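Inside the fold
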Amino acid sequence: MILGDMGYGIIILIISLAMIFLSKPDTTVSDAGKVFSVCAVYTIIFGFLYGEFFGSFGRHTFGLEPILVDREEEILTTAYLAVSIGVFHVLLGLVLNGISSIRSKNLKSFITSLAMTVLIAASVVLLVVLFKWEKGLLSMSLIWIIVGLTVVLVILGGLIAPLEILKSMGNIISYVRIMAIGLASVMLAHVANMLSGKAGNIFLGIFIAVLLHLLNLLLGVFSPTIHSLRLNYVEFFSKFLESEGKGFKPLKK
C-alpha cells in the first residue's frame, strides 16, 4: 500500500519469482521470495488504484488515471485514509484483547478493553462531526460518552488510564507514516521522470531515470517493510499480546 506502483511491483514480482524458482526449496532465499511475491502483488494492485506506473510515467504515456486517490495531489485525503486504517487496526487489537480477556475470565481487562474501544470510536466520530457538521446534540452526547468512559477507565486502571488513552490516540496518528513514506516515493518517482525528460539526450535521460527509479525501488522495499513491521509490533500487537507464559522452544520436544 505504501509503495503502490505497478512498475515497481512488476520488478519486485520478477525478482521474487527468480528467488523462488532459482533457489532450493525451504531456504531463506526461497521463503523471502514468497513473502516479497505477495508484497509485489499488493504493490501492483494499489499501483492500479493509485494510477501509478513508475510514478506519473504511466499517466502521461498510457493515460492511467487514479481510481482510489491521486497521492501526488490529494495529500490530505491520503492522510485521512492512513488514519482510518490506523483506527481500524488499533480497534481490532482492542477487540482481540477483549476476546482474550473473556477466554481467561478476566472481567476487569474485558471492561477496560470495551471501554477503550468505545471511547476511541466515539472520539473519532466526534472529530468527524465537529469537522463536517455543526455542533449539536450528537456532539454533546459523544462528549459525555467520552467523559464517562474516561472516568470508568480511571476507576479501573488508576491515574495511568489517561496516559493509555493518549498512547492509543498517538498509535492511531502514527499511521500517517503510511501516507508520508508513500508520498516521498511518489515525489522521488516524479523527480526521476522530470530530470530524465530534461536531460537533452535520450541515453542520458534513460540512465538518470533508471538510476533514480532503482534508488526509489530500494527505498520502497526496505522503508515500508520496516515501518509496516513497526505498526504491527508496536501499535497493533501491544493492544492484545502479552509477554508471558512458556518460552517458545521449537527444537525441544
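Residues numbered from 1 in each chain as written. Predicted model: local features only at pLDDT ≥ 70, side-chain atom pairs only at ≥ 80, totals over all residues. Heavy atoms only, no water.

1. Structural notes on helix α8 (residues 177-197)
Note the following rule: Helical segments are the DSSP runs of H or I of at least four residues, strand segments are the runs of E of at least two, and each set is numbered from the N terminus. By this rule, a helix spans an expected 1.5 Å times one less than how many residues it contains. Throughout, exposure labels follow a simple rule: accessible area from a 1.4 Å probe, protein chains only, divided by the maximum for the residue type, with under 20% read as buried, over 50% as exposed, and the rest as partly exposed. By definition in these notes, contact holds between two residues if any of their heavy atoms fall within 4.5 Å.
Across its 21 residues, α8 extends 30 Å between first and last C-alpha, which sits within 8% of the 30 Å expected from 1.5 Å per residue. Looking only at α8, the buried set comprises Arg177, Ile178, Met179, Ile181, Gly182, Leu183, Ser185, Val186, Ala189, Ala192, Asn193 and Ser196. The elements touched by buried residues of α8 are α1 (6-21), α3 (57-62), α4 (75-103) and α9 (202-236).

2. Re the side chain of Asn171
What counts, and what does not: Pairs of N or O atoms within 3.5 Å make up the polar contacts considered here, provided that, within protein, one atom can donate a hydrogen while the other can accept it, and that residues adjacent in sequence are counted only when both atoms are side-chain atoms.
Inspection of the secondary structure assignment puts Asn171 in helix α7 (residues 161-173). In this structure the side chain of Asn171 is engaged in a polar contact, spanning 2.5 Å, whose partner is the side chain of Lys239. The residues touching Asn171, leaving out its near neighbours within four places in the chain, are Val90, Glu235 and Lys239.

3. Some details on the environment of Leu149
Along the chain, the position of Leu149 falls in helix α6 (residues 137-157). For Leu149 and Leu114, which are 35 residues apart along the polypeptide, the C-alpha to C-alpha distance reads 9.6 Å. If we skip the residues at most four places from it in the chain, Leu149 touches Ala115, Val118 and Leu119.

4. Structural notes on the layout of surface pockets
Basically, it comes down to this: Buried and open spaces are told apart on a 1 Å grid over the protein atoms alone, a cavity being a set of points where a 1.4 Å probe fits but cannot get out and a pocket being an open set with protein on both sides within 12 Å along at least five of seven lines. Residues with an atom within 4 Å of a point are the lining residues. Grid points are joined across faces, edges and corners, and a volume is the space filled by probe spheres set on the points. Under this grouping Gly is polar, as are all residues other than the nonpolar Ala, Val, Leu, Ile, Met, Phe, Trp, Tyr, Cys and Pro and the charged Asp, Glu, Lys and Arg.
Looking at the largest pocket, its volume works out to about 590 Å³. Contributing to the lining of the largest pocket are 23 residues, with Met1, Ile2, Cys39, Pro224 and Ser228 lying nearest its centre. Mapped onto the lining of the largest pocket, the elements with two or more residues apiece are α2 (28-50), α4 and α9. Among the elements that line the lining of the largest pocket, the one with the most residues is α9, at eight residues. Residue composition of the lining of the largest pocket, grouped by class: 17 nonpolar, six polar and no charged. The space that makes up the second largest pocket amounts to roughly 510 Å³. Surrounding the second largest pocket, 14 residues form its lining, Tyr80, Val83, Val124, Leu127 and Val128 being those nearest its centre. When residues of the lining of the second largest pocket are traced back to their parent elements, those giving at least two are α4, α5 (107-132) and α7.

5. Observations regarding the packing of aromatic side chains
Formally: Pairing of aromatic side chains here covers Phe, Tyr and the six-membered ring of Trp, requires ring centres within 6.5 Å, and sorts the geometry by plane angle: under 30 degrees stacked, over 60 edge-to-face, intermediate tilted.
Counting across every chain of the model gives nine aromatic pairs. Between Tyr8 and Phe54, the ring centres sit 5.5 Å apart and the planes meet at 85°, which makes this aromatic pair edge-to-face. Placement of the pair is Tyr8 in helix α1 and Phe54 in the loop between α2 and α3, with a sequence separation of 46 residues. With respect to class, Tyr8 is no different from Phe54; both count as buried. Ring-pair connections join several aromatic residues into one group, and the members of that group are Tyr8, Phe53, Phe54, Phe57 and Phe62.

6. Concerning the environment of Leu3
With respect to the helices and strands, the residue Leu3 is situated in the segment before α1. Relative accessible area serves as the criterion here: at 5%, Leu3 is assigned to the buried category. Separated by 179 residues in the primary sequence, Leu3 and Gly182 place their C-alpha atoms 5.7 Å from one another. Apart from the residues lying within four places of it in its own chain, the contact partners of Leu3 are Tyr8, Ile12, Thr43, Glu52, Arg71, Ser185 and Gly220.

7. So, the nonpolar core
Within soluble globular proteins, side chains that are nonpolar tend to cluster in buried spots. Spelled out, the test is: In this text, buried Ala, Val, Leu, Ile, Met, Phe, Trp, Tyr and Cys residues form a nonpolar core when linked through side-chain atoms within 4.5 Å.
The biggest cluster of nonpolar side chains holds 28 residues, and the ones touching the most others in it are Ile120 and Leu153. Contributions of two or more residues to this core are made by α4, α5, α6, α7, α8 and α9. Examining the composition of this core, we find that seven residues originate from one element, α5, more than from any other. Each residue touching Leu153, except ones within four places of it in the same chain, is listed here: Thr112, Ala115, Met116, Leu119, Gly158, Ala161 and Ile165. With 10 residues, the next largest nonpolar core counts Met6, Phe54, Ala189 and Val221 among its residues.

8. Notes on the packing of α1 against α9
Spelled out, the test is: Fitting a line to C-alpha atoms yields each axis, with helices limited to the stretch in contact; the angle taken between N-to-C directions then spans 0 to 180 degrees. We call two directions roughly parallel when the angle between them is under 35 degrees, roughly antiparallel when it is over 145, roughly perpendicular when it lies between 65 and 115, and oblique otherwise.
Interhelical geometry of α1 versus α9 gives an angle of 75° and a closest axis separation of 11 Å. The angle between α1 and α9 places the two elements in the roughly perpendicular class. Here Tyr8, Ile11 and Ile12 of α1 come into contact with α9, specifically with His213, Asn216, Leu217 and Val221. Here the residues of the contact of α1 with α9 sort into five nonpolar, two polar and no charged.

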